[in-house]
Amino acid sequence: MGPQHPSTHGVLRLMLTMDGEVVLNAIPHVGYLHRSLEKIAENRTFVQYIPYTDRLDYVSAMFGNYAFVYPIEKLANIPVPERAEYIRVIMMELNRIASHLIWLGTFSLDLGAVTPFLYCFREREKVLDLFEMVCGQRMTFNYMRVGGVSKDLPDQFIPAAKKFVEYFKPRVDEYEDILTHNPIFLGRTKDIGLLDKEVAIEHSVSGPSLRGCGINWDLRKNEPYSIYDRFDFEIPLGKTSDVWDRYSVRVQEMRQSIRIVEQALQQIPQGETKTKIPAVFKPPAGEIYARIEAPRGEMGFYIITDGTTKPYRVKIRTGSFCNLTILPKLCKGWKIADLVAILASLDVVLPEVDR
Amino acid sequence: MGIIKKFPVYVEHIPGGGIVTTTLDGVLNYARANSMWYMLFGLACCAIEMMATGASRYDFDRFGMFYRASPRQTDLMFVAGTVTKKMGPRVKRLYEQMAEPRYVIAMGGCAIIGGPFYYDSYSVLKGIDLVIPVDVYIPGCPPRPESLMEGVLKLQEKIKKQKLSDWA
Amino acid sequence: MTKEEIAQILNSRFSEKLKPAESVSHLSAFFVEKENLIEICKFTKQSDQLKMDFVNCIFATDRNDSLEMTYVLFSLEKNHKLCLKVKLPRKDSQIDSVTPIWEAANWFEKETAELFGIRFSGHPDPGPLLLPEDWNEGYPMLRDWTGKDFVKLPPK
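## A few points about the interface of chain C and chain A
1) Next: Counting from both sides, the interface comprises 48 residues of chain C and, opposite them, 42 residues of chain A.
2) Next: Across the interface of chain C and chain A, roughly 3,800 Å² is buried in total on both sides, 57% from carbon and sulfur atoms.
3) Next: Counting across the interface, chain C meets chain A through seven salt bridges.
4) Next: Two residues, Lys45 of chain C and Glu202 of chain A, come together in a salt bridge whose shortest N-O distance is 3.4 Å.
5) Next: At the boundary of chain C and chain A, one finds 18 residue pairs in polar contact (both at pLDDT 80 or more).
6) Next: If you list the elements that add at least two residues to the side of chain C that touches chain A, you get β3 (54-62), β4 (67-75), β5 (80-88) and α3 (105-116) of chain C.
7) Next: Tallying contributions element by element places β3 of chain C first for the side of chain C that touches chain A, with nine residues.
8) Next: Here the residues of the side of chain C that touches chain A are counted per class, giving 28 nonpolar, eight polar and 12 charged.

## A word on the packing of helix α2 (residues 24-33) of chain B against helix α6 (residues 145-160) of chain B
Residues and elements named next belong to chain B.
1) Next: Relative orientation of the contacting elements α2 and α6 amounts to 160°, with a least axis distance of 8 Å. Taken together, the axis directions place α2 and α6 in an arrangement best described as roughly antiparallel. The hand of the α2/α6 crossing is right-handed. Touching Asn29, Arg32 and Ala33 of α2 are Gln156, Ile159 and Lys160, all from α6.
2) Next: Residue composition of the contact of α2 with α6, by class: two nonpolar, two polar and two charged.

## Topic: the sheet that holds β3 of chain C
All names here are of chain C.
1) Next: Pairing in this open sheet of five strands is mixed, and the strands run β1-β2-β5-β4-β3 from one edge to the other. Two strands lie at the open edges of the sheet, namely β1 (18-20) and β3, each paired on one side alone. Adjacent strand axes in the sheet meet at a mean angle of 25° when their direction is disregarded.
2) Next: Alignment of β3 against β4, held across eight bridges, turns out to be antiparallel. Counterpart to Val55 in the pairing with β4 is Leu73.
3) Next: Taken strand by strand, helix α2 (residues 37-46) contacts β1, β2 (28-32), β4 and β5, and its axis lies near 175° from that of β5.

## Concerning the sheet that holds strand β5 (residues 286-294) of chain A
Residues and elements named next belong to chain A.
1) Next: Taken together, the three strands give an open sheet; going across it, the order is β5-β6-β7, and neighbouring strands pair in antiparallel fashion. Of all the strands in the sheet, the pair left with one neighbour each is β5 and β7 (311-317). Strand after strand, the sheet turns through a mean of 15° between neighbouring axes, direction not considered.
2) Next: Pairing of strand β6 (residues 297-305) with β7 involves six bridges; the strand directions are antiparallel. Bridging across to β7, Phe301 finds its partner in Ile316.

## With respect to the interface of chain B and chain C
1) Next: Listed per partner, the contact involves eight residues of chain B and 16 residues of chain C.
2) Next: At the junction of chain B with chain C, the criterion picks out zero salt bridges.
3) Next: Counting every contact that joins chain B to chain C gives one residue pair in polar contact (both at pLDDT 80 or more).
4) Next: By residue class, the composition of the side of chain B that touches chain C is three nonpolar, one polar and four charged.

## Some points on the environment of Gly81 of chain B
Residue and element names in this part refer to chain B.
1) Next: Its location among the elements puts Gly81 in the loop between β5 (76-80) and α4 (88-97).
2) Next: In this structure Gly81 comes out as buried when scored by relative accessible area, which is 3%.
3) Next: Distance in space between the C-alpha atoms of Gly81 and Ile112 is 9.6 Å, their sequence separation being 31 residues.
4) Next: In this structure, Gly81 is in contact with Leu43, Ala44, Cys46, Met107, Cys110 and Ala111, ignoring residues within four places of it in sequence.

## Some remarks on helix α3 (residues 45-53) of chain B
1) Next: Counting buried residues in α3 of chain B gives eight out of nine residues, a clear majority hidden from the surface.
2) Next: Where α3 of chain B is buried, its residues touch α4 (82-111) and α5 (115-135) of chain A together with β5, β6 (103-107) and α6 of chain B.

## A look at the pairing of β2 of chain C
Residues and elements named next belong to chain C.
1) Next: Most of β2 is tucked away: four of the five residues are buried.
2) Next: One ladder, built from three bridges, connects β1 with β2; its direction is antiparallel. If you follow Lys19 over to β2, its bridge partner there is Phe31.
3) Next: Bridge count between β2 and β5: five bridges; the pairing is parallel. The partner of Phe31 across the bridge, within β5, is Lys85.

## Notes on the side chain of Ser257 of chain A
All names here are of chain A.
1) Next: Note that Ser257 resides in helix α11 (residues 243-267).
2) Next: Overall, Ser257 belongs to the buried group, its relative accessible area being 1%.
3) Next: Apart from residues no more than four positions distant in its own chain, Ser257 is found in contact with Glu93, Arg96 and Ile97.

## Quick look at empty space enclosed by the protein
1) Next: Under the defined criterion, the tally for this structure stands at four cavities of 30 Å³ or more.
2) Next: In this structure, the largest cavity encloses a volume near 80 Å³.
3) Next: For the largest cavity, the lining is made up of 15 residues, of which Arg55 of chain A together with Cys45, Cys46, Cys110 and Cys141 of chain B are closest to its centre.
4) Next: Going through the elements one at a time, α3 and α5 (109-113) of chain B are the ones with two or more residues in the lining of the largest cavity.
5) Next: Broken down by class, the residue content of the lining of the largest cavity amounts to eight nonpolar, five polar and two charged.
6) Next: Considering only enclosed or pocket space, the second largest cavity measures out at about 40 Å³ in volume.
7) Next: Contributing to the lining of the second largest cavity are His34, Ser36, Leu37, Glu38, Lys39, Asp354 and Arg355 of chain A, Tyr122 of chain B together with Glu111, Leu115 and Met141 of chain C.
8) Next: Take the lining of the second largest cavity: its biggest share by element is three residues, from helix α1 (residues 37-41) of chain A.
9) Next: Across the lining of the second largest cavity, the residue classes break down as four nonpolar, two polar and five charged.

Cut-off values and rules
Residues numbered from 1 in each chain as written. Chains lettered and ligands numbered in written order. Predicted model: local features only at pLDDT ≥ 70, side-chain atom pairs only at ≥ 80, totals over all residues. Heavy atoms only, no water. Contact = heavy atoms within 4.5 Å. Buried area = accessible area lost by both parts, 1.4 Å probe. Salt bridge = Lys/Arg side-chain N within 4 Å of Asp/Glu carboxyl O. Polar contact = N/O pair within 3.5 Å; in protein donor to acceptor, adjacent residues only side chain to side chain. Helix = DSSP H or I, 4+ residues; strand = E, 2+ residues; numbered from the N terminus. Nonpolar A, V, L, I, M, F, W, Y, C, P; charged D, E, K, R; others polar. Axes fitted to C-alpha atoms, helices over the stretch in contact; angles between N-to-C directions. Parallel < 35°, antiparallel > 145°, perpendicular 65-115°, else oblique. Left-handed = near helix turned anticlockwise from the far one by under 90°. Pairing = 2+ DSSP bridges. Buried < 20%, exposed > 50% of the residue type's maximum accessible area, 1.4 Å probe, protein only. 1 Å grid on protein atoms, 1.4 Å probe; cavity = no way out; pocket = protein on both sides within 12 Å on 5 of 7 lines; lining within 4 Å. Points joined across faces, edges and corners; volume = space filled by probe spheres on them.

Structure representation (structure tokens):
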């Protein structure tokens, strides 16, 4: 099942061992998008590397930006102004919604439903309008900097964002109406691709796939970073860890994200948006590992600095890298159409795997 | 009759009857340009912009273009995204599987010259035109949907200038 | 558990085999000899107080005169992290694989093997992961590596 196929999300090659229609084994072959981001990091300054972190997981580029900037701020003890933290949280949660919308659109397209794909992209265009208002780009933002964000919000952003929040809340109900209790959808997703808790932990799975098994682990609550401890939101969990549960966890997460955005828009203070750091920025020599909860799992950067303007070594740990390794275990014994549904429910984005 | 007013180059009106003549070139090029079916070949970030251009707000269907999964049924390939050395031979094979006349649009900086990954990268192919011939280059990282449509319109102009003797 | 408590538990059992790594901040980190790696890793997984069942990352760094493997481990239940480092020679280095202990280490070690040239003995499935199958230009992540069409960013 080759690198170019309408149902593989990116360039993934699967070697399938089949017995008629039934899949016996599925081995993923990756590396078709290996862009050597870690080698590039050794020859770029910290500010020059931020656009590359967008292209790691381009669907949720704000998380890539933040995951790179956060360890450096922790290592060099740089304080971040309040307003910048609120702006960061709003951007990240809006990006989480955009990422889950793409996932929902392509997931239903894989299962054969074309209408949710168009609805989701319609919503996503509205989110991208908000992003374009702030930083001028639709998809790869280059917005966060060490010590804050690069530009302040324009005046028309907050009213537009509030209007979007009111517009979006009934939309999630609309998607649930179409899909969640639809008998065809249930037939294709219920009790398919069951993931054991022990297998998930053994393979270091993280993100909504882990929460679909019922394990209550979300870095925003268990290891709070930024100002997430000021907001009131819940962590949706699954019960039976099948494809339907993973779908339902993500749809509920969209609801919780819009709740966070609403609270942040009400609480956002005035103030500075970036701490002043020297133009030639040299963090102290040392090593640090810090991680955040990206839409696909845990994204962490291990950065080794040596006191110069460029990092010595950057290691990128992404959620999809570990999530993809459970695919052979998940799809034993299912038919090939179910394999498509299972792969889509894992929400793997190949640039994250290949870096 | 409206079509005669629109395309005076292609159509001559013979007085006295309902006969319309044109050149074979004109009709074939018109048909090819306005109904290009493209292959889903998104590799990286530009793929999402390609999908967004085909979706609700910027619609490709009004140009007569929609996606097909198999290369045998398409005549346009958007190379959207970074092409690595591992993927290069596969792109060549897919290009050879497309039936002639076939066109290639290189979308985004990475497909043109390697993009931001030109320096310090050991695994990125520095431009897709090292492997297959390209008709239109669309710069951007990623290019906006409007740029993409401009690129498609330029390709349509290029097709309308083609002569049958080139292909037959 | 805090950094200090983890350090105390490990030191009480393996004191002569560990050396603290000072450069890592916010994590308890130790240098370990490669012969003792498997024993210590098994202990961290099976111990009731540590219970490290989650792999955060496993990678190598080129320190100009040697290679350094880093293992960052995590416990889902107890919510604490640990970092182990092993020094290896630059050429023809070989180390035991921790894949029998944590299945998640499988792909991390494959990637490190093909990019740095470290051999992992006991790895169930050695072979290229990210590079093309016919790659024969060496180990790209070493700092002094150059290849056929490798263009370095010119300094300003």
